[in-house]
Amino acid sequence: MPRLNAAQRHEVAFTLNGAPARVEVEPRTLLTDALRHGLGMTGTHVGCEHGACGACTITIDGMPARACLTLAVAVEGCDLRTVEGLAPEPGRLGVLQAAFRRHHALQCGFCTAGILMSLDAYLRHRPHATRDDLTDVIGGHLCRCTGYAPIIAAAVEAAALLRGEPTEETPTYA
Amino acid sequence: MKPARFDYLRAASLDEALEALTRHGDEARIVAGGQSLVPMLNMRLTKPALLVDLMRIETLCAPRRENGALVVPAGTRQALLLDRPGLADEVPLLAAALPLVGHVQTRARGTLCGSVAHADPSAEVPLCLVALEGEVHLRSAKRARRVRADDFFVGMMVTDRADDELVEAIALPVRRPGTGYAFAEMARRHGDFAIVACAGVVDGQRMRLAVGGVADRPTARDWPLLDGAALDDALNALAWDLGAGDDLHATARYRRDLVRRLGRRVLEQAAEEARRCQG
């Protein structure tokens, strides 16, 4: 492909939550900024901008990725999903999202979008994930509100629901 | 922060990438998974004029077996290798260490060769490569060469790679019969860089301990089979030789203590495994 000039904007095309999307970016533009500023998709949050906090996690071709460590020009032709794509329709929550609400697995919500995307990607590949597996996945995210226990409880419950298993009705406020 | 400006080339072939490196030398940087380089770009610790992206070169994706080694090319992501069936039998040390590399989310993007090229002194993949006496395959437009891992790592984030070369692959020797392998590290949180990481390889004649996180590069020592006080003495001598320093994360004294304790643990574990697979 031709070399993309640093000072110019270049069009990048990809699939975003199932629909075609195009955005104009400089080569140095991070995917976080392309999504938020270029496309107005502000569900993906920006925390540390060096891959440590996990708030910006999305999925690229089905795998979790830090959007802040991804150049927008590198996702040409890829299949991207962000938190905006999780709910089945406006006004309804996805299974994971509903479990998070039941378990009070968020307070300020800044980290939540990233955690949901990580868990969504993981459970698609590994529906029989154990509590330890899910704790390990959540270990890739920083949450300064909840102390993680309700997040783990919500993830475990959502995994069971997605497998079609019955779950206990009472939420765990750990 | 945001990166400074750079040109971007999504290389369609290895030749195209090598040609760009020949033309631009140290002005150009290779980007693969980006999990080490992009943070440095974001913090403006590095400001290349050109980024050459390797990840669309299909021939660089799949690991292969070659001359008793698992050859992992530049485009192989850590998550892909971790999911390789039989990795724990093939390269047990790597199977033990890879889950400690970053997090699920970074392993999904990061590559093994990228970690080796980045050469952080506390990173797990370079440590495994040194412990296993593996090789780094370097290639420029003019020539290809293979460098022993011990010689490749020169200092803190400094390697033997020339400006016009790229790390085309790493070669990790596969499990030898009658040999045990073990890995252990101490980090503040799971997924953080290790304060100290140790990899042990033990067979019927020899024990090899590689240590990361202390010196400016992963460093290995070979000993005959030691135990008891003789092993204590050897570990203590190594702990002091590595020249541990104080920093934000740990004191020099704590690091030396970790070398002694984790070192003993991995060597004992590897020796036990070696006995098991001999018996």
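Residues numbered from 1 in each chain as written. Chains lettered and ligands numbered in written order. Predicted model: local features only at pLDDT ≥ 70, side-chain atom pairs only at ≥ 80, totals over all residues. Heavy atoms only, no water.

**Q** Quick rundown of a nonpolar patch on the surface? Include the residues and the values.
**A** All names here are of chain A. Taken together, the side chains of Val95, Leu161 and Leu162 define a hydrophobic patch exposed on the protein surface, amounting to about 240 Å² of accessible area. By the secondary structure assignment, Leu161 is in helix H5 (residues 149-162). Residue class for Leu161 comes out partly exposed when judged on its relative accessible area of 35%. (Patch = residues over 30% accessible without salt bridge, like charges linked within 9 Å, V, L, I, M, F, W, Y side chains within 5 Å. Areas by Shrake-Rupley, 256 points an atom, 1.4 Å probe, with all protein chains shown as cover. Salt bridge = Lys/Arg side-chain N within 4 Å of Asp/Glu carboxyl O. Helix = DSSP H or I, 4+ residues; strand = E, 2+ residues; numbered from the N terminus. Buried < 20%, exposed > 50% of the residue type's maximum accessible area, 1.4 Å probe, protein only.)

**Q** Tell me what's going on with the interface of chain B and chain A, and back it up with residues and numbers.
**A** Counting from both sides, the interface comprises 35 residues of chain B and, opposite them, 39 residues of chain A. Of the roughly 3,100 Å² buried at the junction of chain B and chain A (both faces included), carbon and sulfur atoms supply 51%. Considering only the side of chain B, the residues that lose the most area to chain A are Arg5, Tyr8 and Gln105 of chain B, jointly responsible for 22% of the buried surface there. A salt bridge links Arg5 of chain B to Glu26 of chain A; its shortest N-O distance comes to 3.1 Å. At the junction of chain B and chain A, the tally comes to 20 residue pairs in polar contact (both at pLDDT 80 or more). Within the residue set of the side of chain B that touches chain A, elements represented by two or more residues are strand E1 (7-10), helix H1 (14-24), helix H2 (37-42), strand E3 (50-53) and helix H6 (104-107) of chain B. Its residues assigned to classes, the side of chain B that touches chain A shows 14 nonpolar, nine polar and twelve charged. (Contact = heavy atoms within 4.5 Å. Buried area = accessible area lost by both parts, 1.4 Å probe. Polar contact = N/O pair within 3.5 Å; in protein donor to acceptor, adjacent residues only side chain to side chain. Nonpolar A, V, L, I, M, F, W, Y, C, P; charged D, E, K, R; others polar.)

**Q** Requested: an account of the domain arrangement of chain A, with residues and values cited.
**A** Residue and element names in this part refer to chain A. Its domain assignment divides chain A into domain 1 (10-85) and domain 2 (95-162). Across the boundary between the two partners, domain 1 contributes 18 residues, which contact 15 residues of domain 2. Of the roughly 1,200 Å² buried between domain 1 and domain 2 on both sides combined, carbon and sulfur atoms contribute 59%. Inspection of the domain 1/domain 2 interface yields one salt bridge. With a closest N to O distance of 2.9 Å, Asp120 and Arg81 form a salt bridge. (Domains from an automatic or database assignment.)

**Q** An account of the side chain of Thr57 of chain A is needed here, citing residue identities and associated values.
**A** Turning to its location among the elements, Thr57 of chain A is positioned in strand E3 (residues 57-60). Reaching out from Thr57 of chain A, the side chain makes a polar contact with the backbone oxygen of Gly54 of chain A at a distance of 2.7 Å. Setting aside residues no more than four positions away along its own chain, Thr57 of chain A makes contact with Pro64, Ala65, Arg66, Ala113, Gly114, Met117, Ser118 and His141 of chain A together with Gln105 of chain B.

**Q** Any details on the pairing of strand E6 (residues 135-139) of chain B? Residues and values, ideally.
**A** Residues and elements named next belong to chain B. Alignment of E6 against strand E7 (residues 144-148), held across five bridges, turns out to be antiparallel. Within E7, the residue paired with Val136 across the bridge is Val147. Here E6 folds back onto E7, and the loop between the two strands holds four residues. With five bridges connecting them, E6 and strand E10 (residues 166-173) associate as antiparallel partners. Note on E10: the bridge partner recorded for Leu138 is Val167. (Pairing = 2+ DSSP bridges.)

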